[in-house]
Amino acid sequence: MVNSHKSTIYDLAALARTSASTVSASLNGTWQQRRISEETAKRVQQLAQDKGYALNRQASGLRRNRSGLIGMMIPTHEDRFFGVLSQAFERMARERGLHPMVVSTLRDPAIEVRTVQTLISYQVEHLIVTGATHPDGVSALCMRHRVRHVNVDLPGKKAPSITSDNRWGAAELTRLLIARSAEPADRARNRLYFLGGIRGEFATEQRVLGFSEVARRRLGPVQEQQLIRCGYDVNQAEVAMARLYQDLGGLPRGLLLASGVCLEGALRFLRTLPMDEVLACTFGSYDWDPFAAGLRFPVHMVRQNVEGLMSEAYKVIDGEGIQAGHVVQVRPVLIVSP
């Protein structure tokens, strides 16, 4: 006969020959503050695992008036940058004895609001808001419920913000594209193009600024048609790449792609072309992905400093960072392809 009895905190206390409060502290991560020995905490945790006991964090949070939960909102799981960022977020949360939760909001303002409301209902104590379409709307909710929060990637005015130095990164990548490229025989294609991103979005427009400043100084005026803001979508990037090729009658001198997702979309089209055409164009991507090393042509990249971004964000969570409305920019790294 199967024993359907579920172990309680008191059962574990009896088995561990300790108190229920010691068991609770060992399981909720506060054992060090309570000066409980590591040996005791590990013994309790192993017993809980053996008995299939799971701490009811909502009940525990109500009793202690804190949950130990920290949330992170990201736009999408598809983009490698946000995936790596969320891994750093989780690791740094656990180092602080916090319990991380990561939720994708699909770049949808309505989903962002519902997500924040749900996290607040679970008594989340802190929130890292990454790439939000309307960060100040998220801040208004967090402030109403006294949830400490910080914006990462896209800034807002009502909370501290941590961003990459997008303008610098795009400018450095543009300089490299010009230096590594050759003037094509068709002088009409002697231009660099920017493909991807969202019109009016902070990161996109900062990258466009860096790109335009360098391209203008080196190659002449930058026209609006050189700035193809087609979003962060693989299919849209593929369509935009095909249309650019058709309009120019070939590939341009160089191409700066706004993200790894846009690079993937461009590659879908590029694989339909003869390799000699592809090699005549110089490519750059604002975001790093290791798969590019396996391509038959070089792709230079800007790698965002994930550790730097998350370290600055956790300074805010720890109460040591900047104030609301201030922005810290973290310089990325230029990755030059052989």
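Rules behind the numbers
- Residues numbered from 1 in each chain as written.
- Predicted model: local features only at pLDDT ≥ 70, side-chain atom pairs only at ≥ 80, totals over all residues.
- Heavy atoms only, no water.
- Buried < 20%, exposed > 50% of the residue type's maximum accessible area, 1.4 Å probe, protein only.
- Helix = DSSP H or I, 4+ residues; strand = E, 2+ residues; numbered from the N terminus.
- Phe/Tyr/Trp six-rings, centres within 6.5 Å; stacked < 30°, edge-to-face > 60°.
- Lys NZ or Arg CZ within 6 Å of the ring centre and 35° of its normal.
- Contact = heavy atoms within 4.5 Å.
- Polar contact = N/O pair within 3.5 Å; in protein donor to acceptor, adjacent residues only side chain to side chain.
- Axes fitted to C-alpha atoms, helices over the stretch in contact; angles between N-to-C directions.
- Parallel < 35°, antiparallel > 145°, perpendicular 65-115°, else oblique.
- Left-handed = near helix turned anticlockwise from the far one by under 90°.
- Nonpolar A, V, L, I, M, F, W, Y, C, P; charged D, E, K, R; others polar.
- pLDDT = per-residue confidence, 0-100.
- Expected span 1.5 Å × (residues − 1).
- Arc of directions from axis to C-beta.

(A) Spatial organisation of unusual backbone geometry. The phi dihedral of L106 falls on the positive side, at around 60°, and the residue is not glycine. L106 gets classed as exposed once you look at its relative accessible area, which sits at 59%. Residues other than glycine seldom take positive phi values, yet D153 does so here, at roughly 85°. With respect to the helices and strands, D153 occurs in the loop between β4 (148-152) and β5 (161-164). On the accessibility criterion, D153 (9% relative accessible area) is buried.

(B) A look at the packing of aromatic side chains. Tallied over the entire structure, the rule returns five aromatic pairs. Seen from the ring of W288, R303 lies directly overhead, with NZ or CZ sitting 3.7 Å from the centre.

(C) Main features of helix α11 (residues 260-270). Of all eleven residues in α11, nine are buried, a share of seventy percent or more. The complete set of buried residues in α11 reads G260, V261, C262, L263, G265, A266, L267, F269 and L270. Contacts made by the buried residues of α11 are with β6 (192-195), α10 (234-248), β8 (254-257), α12 (275-279), β9 (282-286) and β10 (299-303). With a side-chain oxygen lying 3.3 Å from the backbone nitrogen of V261, the N-terminal cap of α11 falls on S259.

(D) Up close: the packing of helix α6 (residues 109-121) against helix α7 (residues 135-144). Where α6 contacts α7, the two axes come as close as 10 Å, and the packing angle between them is 20°. The angle between α6 and α7 places the two elements in the roughly parallel class. Here the hand of the crossing between α6 and α7 comes out right-handed. Each of E112, V113, V116, Q117 and I120 in α6 lies in contact with α7, whose residues at this interface are V138, L141 and C142. Here the contact of α6 with α7 is built from residues that sort into six nonpolar, one polar and one charged.

(E) Just the confidence of the model for the protein chain, in detail. Here the protein chain averages 90 in pLDDT, and 93% of its residues register 70 or above. With pLDDT under 50 throughout, residues 58-65 is counted as low confidence; its partners more than four residues away or in other chains account for eleven contacts.

(F) Geometry of helix α5 (residues 80-95). Taking 1.5 Å per residue as the helical rise, α5 with its 16 residues ought to reach 22 Å, and the 23 Å between its terminal C-alpha atoms agrees with that figure. Along α5, the residues that are buried comprise F81, F82, L85, S86, A88, F89, M92 and A93. Down the axis of α5, the buried set is contained in an arc of 165°. They therefore lie on one face. Among the exposed residues of α5, those oriented more than 90 degrees off its buried face are Q87, R94 and E95. Buried residues in α5 make contact with β1 (69-74), β2 (99-104), β3 (126-130), β4 and α13 (306-317). Capping of α5 at its N-terminal end is provided by D79; its side-chain oxygen lies 2.9 Å from the backbone amide nitrogen of F81. Two residues or fewer past α5, G97 is found with a positive phi of approximately 75°.

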